[in-house]
Amino acid sequence: MIVLLPSALGMMQTAKVNPTTPSAMSGLHPQFGLEIFSQLGLGSDGYTNRLFRAPAVFSSLVVLLLVMVYFVHPKISQQHKLGALTTLGVLILSMLIGPINLVWHMFNEPSGSPFRYSFLLSFVMITIAYEAWIANPNLIKNRFKLSIPLVAISLLICGFCFIKFSHFAPITNYLALQPNSLRTLLLNILLILLLSLLITVIPPKRAGIFIASIILAEMTTNFNDILTSEPLGNQPSYESNFSNQAATLQKATPKSNLYRINQSRGQLARAFQETYLGYNDPLLFHFNGIQEYSSTLNESTRQTLKMLGLFSKNQRRISTAGTSAISNMLLGAKYNVQNKTVTQNQTYVGMGFPVTNQFINLRLKPGYIFSNLENILQRIRATKNPYLVKETINQVKHSQLATNSVQTYTINITPKISGPLYMDTSDKTLNYSQIMVNGYQLKTMTNRAHHAYLLKLGTMKRAVPVTITFKSSARNALALIHLKSLNSPRLNNLVTELRAYSFQPSYKNNQVRGTVTRLANHNWLYTAIPYDSGWSASVNGTTVTSKKKFLVILLPFHSWQGLTT
């Protein structure tokens, strides 16, 4: 309960409770087909199908045969058989029928591996098989000694043929991921014939050691087969790069002061064959970061970070891709870490600052990143001219590829001011990984799901032309693109002003404490601490009621000049 209850409370604040899109598993159609029979034998799982597969139920061919023996054994009561059949039926149906399967996943479709509790089915099969074994399988009738291996072989062949020859369009891609080797099928058939002889003909005392040896060989073979398909990392490389990254982060990790570190391009990536994004490096290296991968990721926090421009692939992830000078200021990110380089963020002001009632009334809008950032800055300190200056596209060239409708666009702009140039687009066909600026391809996160996030194109100079190339299949691709330059001097003036009375607290265990001076008409303290109902706050020793704004906590100043929280 120490683990489960906090997890359950955390899950109630995630996207699983209120999904933004209907679940693909909410229908009454079966969630898997005859391919499940192929998983009864060796070689049914691999790395490629780990996320999309029928329930993984392999627990040895011995178990499969003994389960069949159980239901025809004369010494096992009908009551026991009915109970076992009901248990197996409930587990199988709960996975087969979408709405029931969703009950196991907080009524929301999981992102991959949709049958994570299938080990329960394997466990029940093993217990049933053991009961059949101690009842002596030799006692079943001769006709069952012949029919049981034939049924087992037929099931494996059925699963093999379904994967190989089915052309049902919606599941074709899914079936293509399932291991389906003819050589493995033949090996499974030979094992079934051998095991059937050992189980039903030879007395258990004489066959036991041989059956145990075959089980051990099955498990070793299957484990090795799956392991060789995994793109494993390099252990010596991981060790050395772990030490190097820990040493790098130690330069920026606070002992008691509370602030965040914006880390990208971690050194551990060198140890992996696959793309390593370092989502949980803050947990691994004990620092307060921005990125996270968690099944209990607070949905309000995730949506707010998306509205500030950060990239979120799905309901479990938030990435540092899309951070900007403005979001770093709002989130209290003091240091930027890239590989072995640690630089202090020029827009860091602390973990909060006093704000007026006007800030309280601000509402962020999904899909309007530039408007959200501009409105936040204007509510902190209003200016006649914007902080983010809209850039105008001067010239456009585009060419269509011969093979499809994708067009290559080349646009030119002349920046109105010097500073960082950002791009935002609602074009779901635009390929983020193929954007080029002045002939150089940007190092951007692959965005196959086409989730919008803020993209920094570089730091430009006023009146120096910039050429941007991208690919899109949208008819109105240019209308969906927004380009804006950040007025760095204006933002830096605001940063300087905020630093003079910012909130820079210390923390120990679960307590955060700091002092800040209230300004005239500033009735609230904005903090970059994520809001949660578990927080309690006091101002100068008096308990106050905090307020949720975006993802963070706001504390009332009331009439005091100083604040300790």
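Residues numbered from 1 in each chain as written. Predicted model: local features only at pLDDT ≥ 70, side-chain atom pairs only at ≥ 80, totals over all residues. Heavy atoms only, no water.

Engineer: In this structure, what is going on with the side chain of N241? I would like to understand it.
Structural biologist: Structurally, N241 can be placed in helix α10 (residues 235-250). Polar contacts involving the side chain of N241 include one to the main-chain carbonyl oxygen of S237, which spans 2.8 Å. Excluding its chain neighbours within four sequence positions, the residues that come into contact with N241 are Q267, L268 and R270. (Helix = DSSP H or I, 4+ residues; strand = E, 2+ residues; numbered from the N terminus. Polar contact = N/O pair within 3.5 Å; in protein donor to acceptor, adjacent residues only side chain to side chain. Contact = heavy atoms within 4.5 Å.)

Engineer: Just to check I follow, could you spell out the sheet that holds strand β10 (residues 419-425) for this structure?
Structural biologist: Backbone-to-backbone hydrogen bonds pair the strands of a sheet. The strands run either parallel or antiparallel. In spatial order, the strands read β7-β15-β10-β13; together these 4 strands make up an open sheet with antiparallel pairing. The open sheet has two edge strands, β7 (388-390) and β13 (455-460), and neither has a second partner. Mean inter-strand twist for the sheet, computed between neighbouring axes without regard to direction, equals 30 degrees. Where β10 lies against strand β15 (residues 481-486), 5 bridges are found, and the strand directions are antiparallel. (Pairing = 2+ DSSP bridges. Axes fitted to C-alpha atoms, helices over the stretch in contact; angles between N-to-C directions.)

Engineer: I keep staring at the sheet that holds strand β5 (residues 341-344) and nothing clicks. Help me out?
Structural biologist: Spatially, the 3 strands line up as an open sheet ordered β1-β4-β5, and their pairing is mixed. Edge positions in the sheet fall to β1 (260-264) and β5, since each has one partner strand and no second. This sheet shows a mean twist of 25 degrees between the axes of neighbouring strands, independent of strand direction. Here 5 bridges tie β1 to strand β4 (residues 333-338), and the two strands are oriented parallel to one another. Residue pairing across strands places Q263 opposite V337, the latter belonging to β4. The strands touched by α10 within the sheet are β1, β4 and β5, with β1 carrying the most contacts at an inclination of about 145 degrees.

Engineer: Would you mind going over the environment of Q235 with me for this structure?
Structural biologist: Mapping Q235 onto the fold places it in helix α10. Taking the relative accessible area as the measure of exposure, Q235 reaches 49% and is therefore partly exposed. Along the chain, Q235 and A271 lie 36 residues apart, while their C-alpha atoms are 7.2 Å from each other. (Buried < 20%, exposed > 50% of the residue type's maximum accessible area, 1.4 Å probe, protein only.)

Engineer: Would you take a moment to explain helix α8 (residues 182-200) for this structure?
Structural biologist: Along an α-helix, residues three or four positions apart point the same way, because every turn accommodates 3.6 residues. With 19 residues, α8 ought to run about 27 Å at 1.5 Å a step, and its terminal C-alpha atoms sit 27 Å apart, in line with that. When α8 is considered as a whole, its buried residues turn out to be L185, N188, I189, L191, I192, L195, S196, L198, I199 and T200. In this structure, the buried side of α8 is in contact with α2 (61-70), α6 (142-165) and α9 (204-229). The opening residue of α8, the one whose side-chain oxygen lies 3.3 Å from the backbone nitrogen of R183, is S181. (Expected span 1.5 Å × (residues − 1).)

Engineer: Would you explain the pattern of salt bridges in this entry?
Structural biologist: Any two side chains of opposite charge can pair if their charged atoms end up close together. Across all of its chains, the model carries 3 salt bridges by this definition. Here E299 makes a salt bridge to R302, at a shortest N to O gap of 2.9 Å. A residue pair is termed a helical-turn pair when its members lie 3 or 4 positions apart in one helix, as E299 and R302 do in helix α12 (residues 299-307) at 3 residues. For E299, a relative accessible area of 11% translates into the label buried. Accessibility expressed as a relative area gives 6% for R302, which makes it buried. (Salt bridge = Lys/Arg side-chain N within 4 Å of Asp/Glu carboxyl O.)

Engineer: Can you help me understand the packing of aromatic side chains in this one?
Structural biologist: Ring pairs (aromatic) are described by centroid distance and by the angle formed between their planes. Within this structure, the stated rule accounts for 15 aromatic pairs. Ring geometry for Y238 and F272: centres 6.0 Å apart, planes at 85 degrees, overall edge-to-face. Taken together, the positions of Y238 in helix α10 and F272 in the loop between β1 and α11 (281-285) put the pair 34 residues apart, joining distant regions of the chain. Using a relative accessible area of 26% as the deciding quantity, one classes Y238 as partly exposed. Residues F359 and Y526 carry aromatic rings whose centres are separated by 5.7 Å and whose planes lie at 75 degrees to one another, so their mutual orientation is edge-to-face. Taken as a pair, F359 in helix α14 (residues 357-360) and Y526 in strand β19 (residues 524-530) lie far apart in primary sequence, 167 residues in all. Clustering of aromatic rings is evident, with ring pairs tying together Y238, F242, F272, Y276 and F285. It is R50 that lies over the ring of Y47; its NZ or CZ is 3.9 Å from the centre. Against the face of W524 rests K547, its NZ or CZ located 5.8 Å from the ring centre. (Phe/Tyr/Trp six-rings, centres within 6.5 Å; stacked < 30°, edge-to-face > 60°. Lys NZ or Arg CZ within 6 Å of the ring centre and 35° of its normal.)

Engineer: Would you take a moment to explain the pairing of strand β14 (residues 466-472) for this structure?
Structural biologist: Along any regular strand, the residues point their side chains to alternate faces of the sheet. Summarising burial for β14: 5 of the 7 residues are buried, a large majority. For strand β9 (residues 407-413) and β14, the ladder comprises 7 bridges, and the chain directions are antiparallel. Opposite I413, over in β14, you have V466 as the bridge partner. The pairing of strand β11 (residues 436-437) with β14 spans 2 bridges and is classified as antiparallel.

Engineer: Looking at this model, I keep getting lost on helix α15 (residues 369-380). Mind explaining?
Structural biologist: In this model α15 runs 17 Å from its N-terminal to its C-terminal C-alpha over 12 residues, within 8% of the 16 Å that 1.5 Å per residue would give. With 9 of 12 residues buried, α15 lies mostly within the body of the structure. Buried within α15 are the following residues: I369, F370, N372, L373, E374, I376, L377, Q378 and I380.

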